[in-house]
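# Residue-level structure breakdown
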Amino acid sequence: MKNWKMLLGTTSVMAALLLSACTGADDNKAPKENTASHTGHEGMNHSGSGEVPAGLKEAKQPKYPIGSQVIIHADHMPGMDGAKATVTGAFDTIVYTVTYTPTTGGKPVKNHKWVIHEEIENAGDKPFQPGDEVVLNADHMEGMKGAKAVIDSAKQTTVYMVDYIDTETGQKVTNHKWVTEDELSPAN
């Protein structure tokens, strides 16, 4: 009986090791957009619904009106820099880079680009300043909504929502939020 329990215990340990080894091998086969990146944008919702936060005002005279063809010059995530895009929305607001710890746990995400003023809980009329502590209502990334954050930088600008083709995967990304005006150039 004692030998039987020992054999069963050894078999269980070996099965657990085998399963964990198999799981690790599959991790390397995951698509690039689902793996952790050096920019801390794992879990990023590349595509969006096109819905915008309440109170966000459309830009009256954006440099790139809706329908404009542009090139993205930003590397918020893999496959974005150099992508040809179509503007699907243009809004005047304050954009922030923020550092926050996801509500799902894990390491802090530093200098996340971009969260807009209207995506911050109880934002009010006055802009936040670097160092201010806020709560995020944005859900660009898993664990972002409801997370406590610190404002790293703030600037008044026009932000754009864009559709583009990921330069690494070839997949279409729709209604991506947000790209700033200085991260775009006209497509020739």
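Residues numbered from 1 in each chain as written. Predicted model: local features only at pLDDT ≥ 70, side-chain atom pairs only at ≥ 80, totals over all residues. Heavy atoms only, no water.

## Some words on the overall build of the chain
- Along the chain, the regular secondary structure elements total one helix and eight strands.
- In sequence order, the chain lays out its α and β elements as α-β-β-β-β-β-β-β-β.
- Looking at the chain as a whole, 37% of its 188 residues are labelled buried.
- Considering only contacts within the chain whose residues lie at least 6 apart along the sequence, 61% involve residues at least 24 apart.
- Surface summary for the chain: the accessible area is close to 11100 Å², and the carbon and sulfur share equals 53%. (Helix = DSSP H or I, 4+ residues; strand = E, 2+ residues; numbered from the N terminus. Buried < 20%, exposed > 50% of the residue type's maximum accessible area, 1.4 Å probe, protein only. Contact = heavy atoms within 4.5 Å. Areas by Shrake-Rupley, 256 points an atom, 1.4 Å probe, with all protein chains shown as cover.)

## Describing the environment of Thr93
- Along the chain, Thr93 falls in strand E3 (residues 84-100).
- The exposure class assigned to Thr93 is buried, which follows from its relative accessible area of 3%.
- For the pair Thr93 and Glu118, spaced 25 residues apart in the sequence, the C-alpha separation amounts to 8.0 Å.
- Discounting residues that sit within four places of it in the chain, Thr93 has contacts with Leu56, Ile116, His117, Glu118, Lys155, Gln156, Thr157 and Val159.
- Only 2.6 Å separates the side chain of Thr93 from the side chain of Glu118, close enough to count as a polar contact. (Polar contact = N/O pair within 3.5 Å; in protein donor to acceptor, adjacent residues only side chain to side chain.)

## Considerations on the environment of Glu181
- Within the element layout of this structure, Glu181 appears in the loop between strand E7 (172-180) and strand E8 (184-186).
- A sequence separation of 118 residues divides Glu181 from Lys63, and the C-alpha atoms of the two residues are 7.5 Å apart.

## A few points about the packing of aromatic side chains
- All told, the structure shown has three aromatic pairs when counted by the stated rule.
- Look at Tyr64 and Tyr160: their rings are 5.8 Å apart centre to centre, the planes differ by 65°, and that puts the pair in the edge-to-face class. Taken together, the residues span a long stretch of sequence, with Tyr64 in the loop between strand E1 (57-58) and strand E2 (69-72) and Tyr160 in strand E6 (residues 148-165) at a distance of 96 residues.
- Seen from their ring centres, Phe91 and Trp178 are 5.8 Å apart, and the 80° between their planes marks the pair as edge-to-face. (Phe/Tyr/Trp six-rings, centres within 6.5 Å; stacked < 30°, edge-to-face > 60°.)

## Describing unusual backbone geometry
- Omega for the peptide link from Lys113 to Trp114 comes to -5°, which places this bond in the cis form.
- Checked against the element boundaries, Trp114 lands in strand E4 (residues 109-116).
- The step from Lys177 to Trp178 runs through a cis peptide bond, and the omega angle for that step is 0°.
- Structurally, Trp178 can be placed in strand E7.
- Located in the positive-phi region is Asn111, a residue other than glycine, with phi close to 50°.
- Residue position: Asn111 is located in strand E4.
- Within the chain, Asn122 stands out as a residue other than glycine whose phi angle is a positive 50°.
- Turning to its location among the elements, Asn122 is positioned in the loop between E4 and strand E5 (133-135).
- Overall, Asn122 belongs to the exposed group, its relative accessible area being 70%.

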